[in-house]
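So you can see what is in the structure, the chains are spelled out below.
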Amino acid sequence: MIYYTRRKPVHYTRKLNIQQGGKEIIMATSKKQTFIMFDLETTGLYDKENKEIPHITQIAASELDSNKLFSTYVLPKVPISPGAEEVNGTKVTEDGIMTVHGKNVEHVSITIAIQKLFKWLKNFPNVVLVAHYGRKFDFPVIASAFVNTNTVDLFLNNVTNLIDSWKIFWKLYPGQSHKQVDLAKSLLDITYDADNAIADVETLGKLIKFIRISPEDLLSYRFSPQSVIDDL
């Protein structure tokens, strides 16, 4: 059995340079960082080369310290690919009924989903989103949705940094599979529904806690939200 210790609130120091009497004075301010595990389910794969971006079918997020959870299903405007349908069990009928593994689920439009997401994120200061393979998939896909719904400013104003957790585990555990499902098995000795965004964010949180990485080291993997927008 693996036991996890509760993490202390995360802070980092930001230096401010202020001119006074011709001299530069360095002042330090402390900010609490909130690490949010983040995951998407979509209608298919992201093809960056051809700029083919899938639509979102589920958004999930989990705050690392409290495990507070956000999740919503999203009605896509394009058909779900056969591969995605088979993997995550999500189907949409001609009448707009959405099912996951045969069970009806409540869903909203992408516009409403993003509004709900930002309303939830506003509960936390200085949000840092953490996603596995986030740089190559989750972040460009959600950023595209922000562009299409005219909510880029909300993204830039409410999210301070992004982290792709794949790079962390690639560096710490060379020579093995770095798929999240494989890391969960090798490090935590657990299996889970890797094609459900809720299970993904909850498991990612457990993996981050397991490696006991310091907030400073975690932040060393950060990149800016603006860089993702610019790269679309």
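Look a little higher up for the structure.
Because the structure is predicted, anything quoted here is derived from the model rather than measured.

Peer 1: What am I meant to see in the overall build of the protein chain here?
Peer 2: Summing up its helical and strand segments, the protein chain has nine helices and eleven strands in all. Across the 232 residues that make up the protein chain, the buried fraction comes to 46%. When contacts within the protein chain are restricted to residue pairs at least 6 apart in sequence, those whose partners lie at least 24 apart make up 64%. When the accessible surface of the protein chain is totalled, it reaches about 13,000 Å², and 51% of it is carbon and sulfur.

Peer 1: Is there a simple way to explain the sheet that holds strand S7 (residues 103-104) in this structure?
Peer 2: Paired through backbone hydrogen bonds, the strands of a sheet run either parallel or antiparallel to each other. Spatial strand order, S5-S6-S7: three strands in an open sheet with antiparallel pairing. Only two strands of the sheet have a single partner each, and these edge strands are strand S5 (90-92) and S7. Pairing of strand S6 (residues 98-100) with S7 involves two bridges; the strand directions are antiparallel. Bridging from a neighbouring strand, Val100 pairs with Lys103 of S7.

Peer 1: Got a minute to help me understand the nonpolar core in this structure?
Peer 2: Across soluble globular proteins, nonpolar side chains have a tendency to be buried as a group. Ranked by internal contacts, the top residues of the largest apolar core, which has 35 residues, are Phe38, Ile56, Ile59, Leu121 and Leu129. Ranked by the residues each element gives to this core, the list is headed by helix H2 (residues 110-121), at seven residues. If sequence neighbours within four positions are ignored, Leu129 has contacts with Ile36, Phe38, Leu121, Phe139, Val159, Asn161, Leu162 and Ile163. Grouped together as the second largest cluster of nonpolar side chains are 22 residues, Met37, Ala60, Ile163 and Val201 included.

Peer 1: I'm lost on the packing of aromatic side chains in this one. Help?
Peer 2: Two aromatic rings, taken as a pair, are described by how far apart their centres are and by the angle between their planes. Summed over the entire model, instances satisfying the criterion amount to nine aromatic pairs. Geometrically, the ring pair formed by Phe70 and Trp120 is tilted, given 5.8 Å between the ring centres and 40° between the ring planes. Here Phe70 is found in strand S4 (residues 69-74), whereas its partner Trp120 is found in helix H2, with 50 residues between them in sequence. Given the relative accessible area of 7%, Phe70 is considered buried. Judged by its relative accessible area of 12%, Trp120 is buried. When the ring of Trp120 is compared with that of Phe124, the centres are 4.9 Å apart and the planes differ by 65°; the resulting orientation is edge-to-face. Among the aromatic residues, ring-to-ring pairing joins Phe38, Phe139 and Phe223 into one connected group. Above the face of the Phe223 ring, Arg135 is positioned so that its terminal group lies 3.9 Å from the ring centre.

Peer 1: Any chance you could explain the packing of helix H6 (residues 180-188) against helix H7 (residues 197-210) here in plain terms?
Peer 2: Any two packed helices are characterised by the angle at which their axes cross and by the distance between the axes. Packing of H6 against H7 leaves a shortest axis separation of 10 Å and a crossing angle of 45°. When the axes of H6 and H7 are compared, the pair comes out oblique. As for how H6 packs across H7, the hand of that crossing is left-handed. Mapping the contact onto sequence places Gln180, Leu183, Ala184, Leu187 and Leu188 in H6 and Asp200, Thr203, Leu204, Lys206, Leu207 and Phe210 in H7.

Peer 1: What should I look at first to understand the side chain of Asn161 in this one?
Peer 2: For Asn161, the position within the fold is in strand S10 (residues 159-164). On the accessibility criterion, Asn161 (16% relative accessible area) is buried. With residues near it in sequence (within four places) discarded, Asn161 still touches Gln33, Val127, Val128, Leu129, Arg222, Phe223 and Pro225.

Peer 1: Would you mind showing me how to read the environment of Ser227 here?
Peer 2: Within the secondary structure, Ser227 sits in helix H9 (residues 225-230). For Ser227, a relative accessible area of 24% gives the class partly exposed. When the C-alpha atoms of Ser227 and Pro140 are compared, they prove to be 9.9 Å apart, with 87 residues separating the residues in sequence.

Peer 1: What's the story with the side chain of Thr149 in this structure? I'm lost.
Peer 2: With respect to the helices and strands, Thr149 occurs in the loop between helix H3 (138-148) and helix H4 (152-158). For Thr149, a relative accessible area of 17% gives the class buried. Among the polar contacts listed, one links the side chain of Thr149 to the side chain of Thr151, at a separation of 2.9 Å. Setting aside residues up to four positions removed in sequence, Thr149 forms contacts with Ile110, Thr111 and Ile114.

Peer 1: When you look at the pairing of S10 in this model, what are you seeing that I'm missing?
Peer 2: The two faces of the sheet receive side chains in turn, since in a regular strand these alternate between them. Within S10, five of the six residues are buried, leaving the element largely enclosed by the surrounding structure. Note: strand S9 (residues 127-131) against S10, five bridges, orientation parallel. Looking at the pairing, Val130 lines up with Ile163 of S10. Direction of pairing for S10 relative to strand S11 (residues 222-223): antiparallel, over a ladder of two bridges. Paired with Leu162 across the two strands is Phe223, which belongs to S11.

Reading the values: rules and limits
Numbering of residues begins from 1 in every chain and follows the order in which that chain's sequence is written. Thresholds applied to this predicted model are a pLDDT of at least 70 for local features of residues and 80 or more for the giving and counting of side-chain atom pairs; totals over whole chains, interfaces and linings are not thresholded and use all residues. Only heavy atoms go into the side-chain values, all of them from the structure, while hydrogens and water stay out. Secondary structure counts use DSSP, requiring at least four H or I residues in a row for a helix and at least two E residues in a row for a strand, with both numbered from the N terminus. A 1.4 Å probe rolled over the protein chains alone gives each residue an accessible area, and that area as a share of the maximum for its type sets the label: buried under 20%, exposed over 50%, partly exposed in between. Every residue pair with non-hydrogen atoms within 4.5 Å of one another is taken to be in contact. What sets the accessible areas is the Shrake-Rupley method with a 1.4 Å probe; for residues, cover comes only from the shown protein chains. Note on pairing: DSSP must find at least two bridges between two strands before they are called paired. To form a nonpolar core, buried Ala, Val, Leu, Ile, Met, Phe, Trp, Tyr and Cys residues must be joined to one another through side-chain atoms within 4.5 Å. In this scheme Phe, Tyr and Trp rings, the latter by its six-membered ring, pair at centre separations within 6.5 Å, and the angle between planes marks the pair as stacked below 30 degrees, edge-to-face above 60, and tilted otherwise. By definition, being over a ring means that NZ of Lys or CZ of Arg is both within 6 Å of the ring centre and within 35 degrees of the ring normal. Fitted lines through C-alpha atoms serve as axes, helices being fitted only where they are in contact, and the angles separating the N-to-C directions of these axes extend from 0 to 180 degrees. Should an angle fall under 35 degrees it is taken as roughly parallel, and over 145 as roughly antiparallel, whereas 65 to 115 is taken as roughly perpendicular and any remaining angle as oblique. We call a crossing left-handed when the near helix sits turned anticlockwise from the far one by less than a right angle, and right-handed when that turn is clockwise. Here a polar contact is recorded for every N or O atom pair within 3.5 Å, except that within protein the pair must consist of a potential hydrogen donor and a potential acceptor, and residues adjacent in sequence are included only if both atoms are side-chain atoms.

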